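Here are the chains, one letter per residue:
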Amino acid sequence: MTGELFSPLHLRSGQVLKNRIAKAAMEENMAGDGQLPDAQLFTLYRQWAAGGTGLLITGNVMVHAEALTGPAGVVLDEHAPLGPFTEWAEAGKSGGGAIWMQINHPGRQVASDMPGVVWGPSDIGVSLGKHSSRFGRPTAMTARQIDDTVTRYAVTAHRAEKAGFDGVEIHAAHGYLLSQFLSPLVNKRTDHWGGSLENRARMLLDIVRAVRAAVSPSFAVAVKLNSADFQRGGFDAEDARQVIEMLEPLGVDLVELSGGSYESPAMTGRSADTRTQAREAYFLDLAKDLVTTSPIPLMLTGGITRRGTAQKVLDSGVAVIGMGTALAVTPDLPDRWRGGREADRLMRPVKWSDKALASAASMAQVRHQMRRLARGSRPRPGTHPAIALVAEQRKQRTALRRYRAWLAEPRGAA
């Protein structure tokens, strides 16, 4: 068992991961002044690097300064200074593993009180019942805006490599912009970015091509993709299979499978339909089917907390085990597994009847643990989700004031 979990993985770019365990992206929302990484993130990533994980994938780094998933999001665009990112990369590699930057654009999943832009493939807003007003109303992107966004991804990837990161992961899951283009429920365009799956995948494929052209051959390029949206009539497992086949000729090293969106938060174990009710490895059944045809190594994330579960996922043919919450609570979990031990405590899922509120509370709980690690404190997984949610909302209000002021300032080239 130890030999498989802790065996190296050779990727097509030539990069070698020291083991099959990855810290999946969790949105930290912990940017310092100027929407830049600072000492908090450096400390947090040094802790994870010291815990034995083979690959660390950062939380969302935004490619567009006017489009953030949250007011404390990190931005790496053409104007951002590289020094803080270099220090972040060094912290992530301090334990001998690799660090990849997840790069993203929120599209329509932007809070209504955020400044900037709210874009989507179409002008269809996020539907969350009584919570729908929490999100801005999107405008359909123009061809120029789409082309500019493709360029932004390439610029961010190029600068991530210059800063010392080992790769990037292009986020095309969880209902963010590229996932919106892939979804037939959200993408109602009638031009060559809408309609057929080939058209709906065009923006993602253009971004992958642009990123691969902007970085060196040895720099890893990965994609995070929903195995399904878990919404009737949405992006499904067969769509995922076809998109993976489209990605293969473009030099993609790894595809991470997850699922869901803000409307159907399957990534927290709570989907809008009943197709993912597993308590662990939420998307394994879908991954088992995809792994039989995938020409690209797959990584599976969602609800993996125990070594036995990780081994079950590997036995299915998945190449890399992705963990998020488990590592926020126990940052040295890979080293524990190597020594035959498990985590002392797990975070209990939030089972509130209001799924949207439960999902927000779950994310707040995880951020609470990450903030404690970033201060050098021990995680406290028993924190009540309501307390974590209220504390997170306070922090976000402060961050929003700071982001508004920053966005109003003129920015020159880095």
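Quick caveat: nothing in here was measured; it's all calculated off a predicted structure.

Asker: Just to check I follow, could you spell out the nonpolar core for this structure?
Answerer: Soluble globular proteins tend to pack their nonpolar side chains together in the buried interior. Phe85, Ile170, Met203, Leu204 and Leu247 are the most contacted members of the largest nonpolar core, which has 95 residues in total. Contacts of Met203, omitting those with residues within four sequence positions, involve Met141, Ile146, Thr149, Val150, Leu177, Leu178, Phe181 and Trp193. In this structure, Ala25, Ile57, Trp100 and Ala220 belong to the second largest nonpolar core, which totals 16 residues.

Asker: Would you mind going over the side chain of Arg371 with me for this structure?
Answerer: Counting through the fold element by element, Arg371 comes out in helix H13 (residues 355–374). You can call Arg371 buried: its relative accessible area is 9%. One polar contact links the side chain of Arg371 to the main-chain carbonyl oxygen of Asn29, over a distance of 3.5 Å. Ignoring sequence-local partners within four residues, the contact set of Arg371 consists of Glu28, Asn29, Met30, Glu392, Lys395 and Gln396.

Asker: Before we go on, may I ask you to explain the packing of helix H2 (residues 39–49) against helix H3 (residues 83–93) in this structure?
Answerer: In a pair of packed helices, the angle between the axes and the distance between the axes together describe the arrangement. For the pair H2 and H3, the least separation of the axes is 7 Å and the interaxial angle reads 20 degrees. It follows from the interaxial angle that H2 and H3 lie roughly parallel. Remark: the crossing between H2 and H3 carries right-handed chirality. Together, Leu41, Phe42, Tyr45, Arg46 and Ala49 of H2 and Pro84, Glu87, Trp88, Ala91 and Gly92 of H3 make up the contact between the two elements. The residue makeup of the contact of H2 with H3, split by class, is seven nonpolar, one polar and two charged.

Asker: Just to check I follow, could you spell out the packing of aromatic side chains for this structure?
Answerer: Two aromatic rings are characterised by how far apart their centres lie and by the angle between their planes. Summed over all chains, the structure comprises five aromatic pairs. Between the aromatic rings of Tyr45 and Trp48, the centroid separation amounts to 5.0 Å while the plane-to-plane angle is 85 degrees, which identifies the pairing as edge-to-face. One end of the pair is Tyr45 and the other is Trp48, both in helix H2 and three residues apart, which spans about a single turn. When sorted by exposure, Tyr45 lands in the same class as Trp48, which is buried. Here the aromatic residues Tyr45, Trp48, Phe85, Trp88 and Phe165 are joined through ring pairs into a cluster of three or more. For the cation-ring pair, Lys23 lies above Trp48, with the distance from its terminal atom to the ring centre recorded as 4.7 Å.

Asker: Help me understand empty space enclosed by the protein in this model?
Answerer: As enumerated under the stated definition, the model contains two cavities of 30 Å³ or more in all. Taken as a whole, the second largest cavity spans an internal volume of roughly 30 Å³. Glu27, Glu28, Asn29, Met30, Gly59, Asn60, Ala72, Gly73 and Val74 are the residues that line the second largest cavity. When grouped by side-chain class, the residues that make up the lining of the second largest cavity number three nonpolar, four polar and two charged.

Asker: So what exactly am I meant to see when it comes to the layout of surface pockets here?
Answerer: Once rolled over the atoms, a probe with the size of a water molecule shows which space is left empty. The calculated volume of the second largest pocket comes to roughly 750 Å³. Looking at the second largest pocket, it is lined by 28 residues, and the ones nearest its centre are Ala111, Arg134, Ala360, Gln393 and Gln396. Every element with two or more residues in the lining of the second largest pocket is listed here: H13 and helix H14 (385–408). Tallying contributions element by element places H13 first for the lining of the second largest pocket, with seven residues. Grouping the amino acids of the lining of the second largest pocket by side-chain chemistry returns 14 nonpolar, eight polar and six charged.

Asker: How should I be thinking about the pairing of strand S10 (residues 167–172) in this particular structure?
Answerer: On any regular strand, side chains alternate: one points to one face of the sheet, the next to the other face. Counting buried positions along S10 gives six out of six residues, so the element sits mostly inside the fold. Going residue by residue along S10, you find Gly167, Glu169 and His171 tucked away on one face and Val168, Ile170 and Ala172 tucked away on the opposite face as well. Pairing of strand S7 (residues 98–104) with S10, which is carried by four bridges, proceeds in the parallel orientation. Counterpart to Ile103 in the pairing with S10 is Ile170.

What counts and how
- Along each chain, residue indices are assigned from 1 in the same order as the chain's sequence is written.
- With the structure being a predicted model, the display of local features is reserved for residues of pLDDT at least 70 and the display and counting of side-chain atom pairs for 80 or more, all residues being used for whole-chain, interface and lining totals.
- Water and hydrogen atoms were dropped before computing side-chain values, which therefore reflect all heavy atoms in the structure.
- Nonpolar cores are built from buried Ala, Val, Leu, Ile, Met, Phe, Trp, Tyr and Cys residues. Side-chain atoms within 4.5 Å join them into one set.
- Each residue is assigned to one of three classes by its accessible area relative to the maximum for its type, calculated with a 1.4 Å probe on protein chains only: buried under 20%, partly exposed between the two thresholds, exposed over 50%.
- Contacts are residue-level and defined by heavy atoms, with any inter-residue pair within 4.5 Å sufficient.
- Starting at the N terminus, helices and strands are each numbered in turn, a helix being any DSSP run of H or I of at least four residues and a strand any DSSP run of E of at least two.
- By the criterion applied in these results, polar contacts are pairs of N or O atoms within 3.5 Å in which, for protein atoms, one can donate a hydrogen and the other can accept it, and in which residues neighboring in sequence qualify only through two side-chain atoms.
- Helix axes are fitted to C-alpha atoms over the stretch in contact, other axes to C-alpha atoms as well, and angles between N-to-C directions run from 0 to 180 degrees.
- By definition in this entry, angles of less than 35 degrees are roughly parallel, angles greater than 145 are roughly antiparallel, angles of 65 to 115 are roughly perpendicular, and the rest are oblique.
- Each crossing is labelled by how the near helix is turned from the far one, with a counterclockwise turn of less than a right angle marking it left-handed and a clockwise turn marking it right-handed.
- As a working rule, the residues Ala, Val, Leu, Ile, Met, Phe, Trp, Tyr, Cys and Pro are called nonpolar, Asp, Glu, Lys and Arg charged, and the rest polar, with Gly in that last group.
- Classification of ring pairs rests on two measures: the distance between centres of Phe, Tyr or Trp rings, Trp counted by its six-membered ring, which must be within 6.5 Å, and the angle between planes, read as stacked under 30 degrees, edge-to-face over 60 and tilted in between.
- Cation placement over rings: the criterion is NZ of Lys or CZ of Arg within 6 Å of the ring centroid and within 35° of the ring normal.
- In this analysis a 1.4 Å probe is tested at points of a 1 Å grid over the protein atoms alone, and where it fits but cannot get out there is a cavity; an open set with protein on both sides within 12 Å along at least five of seven lines is a pocket; lining residues have an atom within 4 Å of a point.
- Grid points are joined across faces, edges and corners, and a volume is the space filled by probe spheres set on the points.
- Should DSSP find at least two bridges between two strands, the strands are regarded as paired.

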